[in-house]
Amino acid sequence: MAQITLDAPAAHAPVRRGGLLTLIMLGQFMAVLDVTVVNVAAPTIRTDLRASGAGLQLVIAGYTIAYAVLLITGARLGDILGHRRAFLGGLAVFTAASLACGLAGSTGLLIGFRLVQGAGAALMVPQVMSLIQRNFTGAARARALSVYSAVLSGGAVAGQVIGGALVSADLFGTGWRPVFLVNVPIGVALLVLGPRLLPGDRGERGRRLDVPGVLGLSAAVVCFVVPLVLGHEEGWPGWGWAMLAGSVVLFAIFVVLQRRAAAPLIPGRLLRTPGVVVGGATIFLAMGTFGGFLFSLALHLQGGLGDSPLRAGLSFIPGAGGFALASLNWRRVPARWHRLLVPGAFLVAGLGYLGLAVFQHGGAGLEVAMALTGLGLGGAFSPMLALALAQVPVADAADASGLLVTMNQLSQVVGVATFGTVFLSIAPPTGHALAVTSVALAATAVLGGCCSLLAVRPRRAG
């Protein structure tokens, strides 16, 4: 693979790129934050609202379910409405739903508002990559995607840290409510600044929403995500397996609908674009291990080592720092080494996972292993994302954004379900749960490295 270049022409007149990037990254950060910020507040929510186990699961998972289901639809709406209008509309819904979550007086209301919050994020988030693709070119676009990658990892870890700090502080006796209310002032500020910093666009003429495709894809993703999110806590009931089997059928129906659609949600030409499919599969493997890593290690730190939620969240900082360091600096690697960068990064991540097994009892060794893991995943995810988008035409930016963001989100759901099940299925007294899970994570990282070789292999001229 030669040096990765991203030279598609910008679709708009020059904009204040620094302000634009800061604004959309803050929106992205809030959306990622809310995936994990509720985890450490769950016990307090359960006590305050007298939530059942199933109700508490839906409070935590409702956001993820709505978010994953509607991402591709949100991307297409950006093309139809205009990316600025879609971003601000999604931000407004997300902010209002955050306020409603913070004021909710019952479990049912909180679940409903979490679903609305996820829908708002699904409209806002796909516009981030679309705006980057349309307003940044060449090295500037690669740098913007690197910042995007760092925000993904930072937001996931910050959710646990901020959630633990806010719940522990119990501001004015409000308990868990600030984990939602913290979004409100930030969201309002972004809504005020957005019209000034976001480039204006009126959407693409002739773009339509593929309603049968939306319904087919939504049903397929719901049947896929819900059992993965709720399956373990419910003891993997028969309805979960039935939904997973049904999702296979529904995805097949979706493919048929897409082939017949005049304006498909996922155009065939996008899937034929070099790097998109293999890059997406590699990203799926990388972020799947990332989701499993966050989940299983958080359980180990709090259950096995007895850390508080706040201390457990702070323990992830070396991993997040390594991810950010690699994401922001991978382009400094000499171009002649780019072909080996992603496979080498997966190897580093695999070594980090094995280090978790060796140093599972804590100390400096565990911190070094976490840093290696983050460094490897950041070094794999960021350049692979750049490669997957390198040859995507600007006209397909929204569809590519929706596809890759959805794969990213689904991969973490699959990672939590798969590696979380491995961790939880091993009896706690044995003390081997993290070790076995870490070996499984390392093996998956090796598989990701092998997959990445297909994406970075040299192509024949012509």
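Rules and cut-offs
- Residues numbered from 1 in each chain as written.
- Predicted model: local features only at pLDDT ≥ 70, side-chain atom pairs only at ≥ 80, totals over all residues.
- Heavy atoms only, no water.
- Helix = DSSP H or I, 4+ residues; strand = E, 2+ residues; numbered from the N terminus.
- Rg over C-alpha atoms; globule rule 2.2 N^0.38 Å.
- Buried < 20%, exposed > 50% of the residue type's maximum accessible area, 1.4 Å probe, protein only.
- Contact = heavy atoms within 4.5 Å.
- Areas by Shrake-Rupley, 256 points an atom, 1.4 Å probe, with all protein chains shown as cover.
- Lys, Arg positive; Asp, Glu negative; His and termini not counted.
- Charge placed at Lys NZ, Arg CZ, Asp CG, Glu CD.
- Phe/Tyr/Trp six-rings, centres within 6.5 Å; stacked < 30°, edge-to-face > 60°.
- Lys NZ or Arg CZ within 6 Å of the ring centre and 35° of its normal.
- Polar contact = N/O pair within 3.5 Å; in protein donor to acceptor, adjacent residues only side chain to side chain.
- Core = buried A, V, L, I, M, F, W, Y, C linked by side-chain atoms within 4.5 Å.
- Axes fitted to C-alpha atoms, helices over the stretch in contact; angles between N-to-C directions.
- Parallel < 35°, antiparallel > 145°, perpendicular 65-115°, else oblique.
- Left-handed = near helix turned anticlockwise from the far one by under 90°.
- Expected span 1.5 Å × (residues − 1).
- Salt bridge = Lys/Arg side-chain N within 4 Å of Asp/Glu carboxyl O.

**Focus: the overall build of the protein chain**
Then comes step 1: Per the secondary structure count, the protein chain includes 19 helices and 0 strands.
Then comes step 2: Expected size for 462 residues packed as a compact globule is a radius of gyration near 23 Å; at 21 Å, the protein chain falls within 12% of this value.
Then comes step 3: Projected onto its principal axes, the C-alpha coordinates of the protein chain cover approximately 60 × 50 × 45 Å.
Then comes step 4: Burial statistics for the protein chain: of 462 residues in total, 56% are counted as buried.
Then comes step 5: Across the protein chain, every contact between residues at least 6 apart in sequence was considered, and the portion connecting residues at least 24 apart equals 84%.
Then comes step 6: With an accessible surface of roughly 18300 Å², the protein chain has 68% of that area assigned to carbon and sulfur atoms.
Then comes step 7: Each charge sign in the protein chain was given a centre, from 29 positive and 14 negative side chains, and these centres are 11 Å apart.

**Some details on the packing of aromatic side chains**
Then comes step 1: Applying the stated criterion across every chain yields a total of 10 aromatic pairs.
Then comes step 2: With a centroid separation of 6.4 Å and 40° between ring planes, the pair formed by Phe290 and Phe293 is classed as tilted. Of this pair, Phe290 and Phe293 both sit in helix α13 (residues 276-304), separated by 3 residues, roughly a single helical turn.
Then comes step 3: Relative to Phe316, the ring of Phe293 has its centre 5.9 Å away and its plane inclined at 80°; by these criteria the two rings are edge-to-face. One end of the pair, Phe293, is in helix α13; the other, Phe316, is in the loop between α14 (309-315) and α15 (317-329), and 23 residues separate them in sequence.
Then comes step 4: According to the relative accessible area criterion, Phe293 is buried, its value standing at 3%.
Then comes step 5: When its relative accessible area of 2% is taken as the criterion, Phe316 is described as buried.
Then comes step 6: Taken together, Phe290, Phe293, Phe316, Phe323, Tyr353 and Phe381 form an aromatic cluster joined through their ring pairs.
Then comes step 7: Cation over ring: Arg17 sits above Phe136, and NZ or CZ is 5.5 Å from the ring centre.

**Things to note about the side chain of Asp79**
Then comes step 1: The topology assignment puts Asp79 in helix α3 (residues 53-81).
Then comes step 2: Among the residues examined, Asp79 registers a relative accessible area of 0% and is labelled buried.
Then comes step 3: Polar side-chain contacts of Asp79 include one of 3.5 Å to the side chain of Arg134.

**As for the nonpolar core**
Then comes step 1: Membership of the largest hydrophobic core comes to 103 residues, with the highest contact counts inside it found for Ile24, Ile132 and Phe293.
Then comes step 2: By residue number, the principal contributor to this core is helix α17 (residues 364-389), which donates 12 residues.
Then comes step 3: Residues in contact with Phe293, not counting those within four places in the same chain, are Phe316, Tyr353, Leu356, Met370, Thr373 and Leu441.

**Quick word on the environment of Ala388**
Then comes step 1: Position of Ala388 relative to the elements: it lies in helix α17.
Then comes step 2: Here Ala388 falls in the buried class, since its relative accessible area comes to 0%.
Then comes step 3: In sequence terms Ala388 and Asn183 are 205 residues apart; their C-alpha atoms lie 31 Å from each other.
Then comes step 4: Contact partners of Ala388, with chain neighbours within four places excluded, come to Gly275, Val276, Gly279 and Leu404.

**What about the packing of helix α4 (residues 83-103) against helix α6 (residues 126-135)?**
Then comes step 1: For the pair α4 and α6, the least separation of the axes is 10 Å and the interaxial angle reads 150°. Classified by the angle their axes make, α4 and α6 are roughly antiparallel. In this structure, the crossing between α4 and α6 has a hand that is left-handed. Contacts between α4 and α6 pair His83, Ala86 and Phe87 from the former with Gln127, Val128, Ser130, Leu131 and Arg134 from the latter.

**Structural notes on the environment of Leu77**
Then comes step 1: Within the secondary structure, Leu77 is located in helix α3.
Then comes step 2: Residues Leu77 and Pro334, spaced 257 residues apart in sequence, show a C-alpha to C-alpha distance of 39 Å.

**Observations regarding the side chain of Asn183**
Then comes step 1: Note on placement: Asn183 falls in helix α9 (residues 183-197).
Then comes step 2: Engagement of the side chain of Asn183 in a polar contact is seen with the side chain of Ser98, the distance being 3.3 Å.
Then comes step 3: Look past the residues within four positions of Asn183 in its chain and what remains in contact with it is Met30, Leu33, Asp34, Phe94, Thr95, Ser98 and Gln117.

**Digging into α13**
Then comes step 1: The end-to-end C-alpha distance of α13, which contains 29 residues, comes to 40 Å, matching closely the 42 Å that a straight helix rising 1.5 Å per residue would cover.
Then comes step 2: Positive phi shows up at Gly306, right after α13, with a value of about 75°.

**Here's the deal with the pattern of salt bridges**
Then comes step 1: Throughout the structure, instances matching the rule amount to 5 salt bridges.
Then comes step 2: Ionic pairing is found between Asp34 and Arg114, a salt bridge with its closest N-O pair at 3.6 Å. Residue Asp34 is located in helix α1 (residues 17-36), and its partner Arg114 is located in helix α5 (residues 107-124); the two are separated by 80 residues in the primary sequence. Each member of the pair, Asp34 as well as Arg114, is classed as buried.
Then comes step 3: For the salt bridge of Asp79 with Arg134, the shortest nitrogen-to-oxygen distance reads 3.5 Å. Taken together, the positions of Asp79 in helix α3 and Arg134 in helix α6 put the pair 55 residues apart, joining distant regions of the chain. Accessibility assignment for this pair places Asp79 and Arg134 in one class, buried.

Everything listed here is a matter of coordinates, which is why it stays silent on function.
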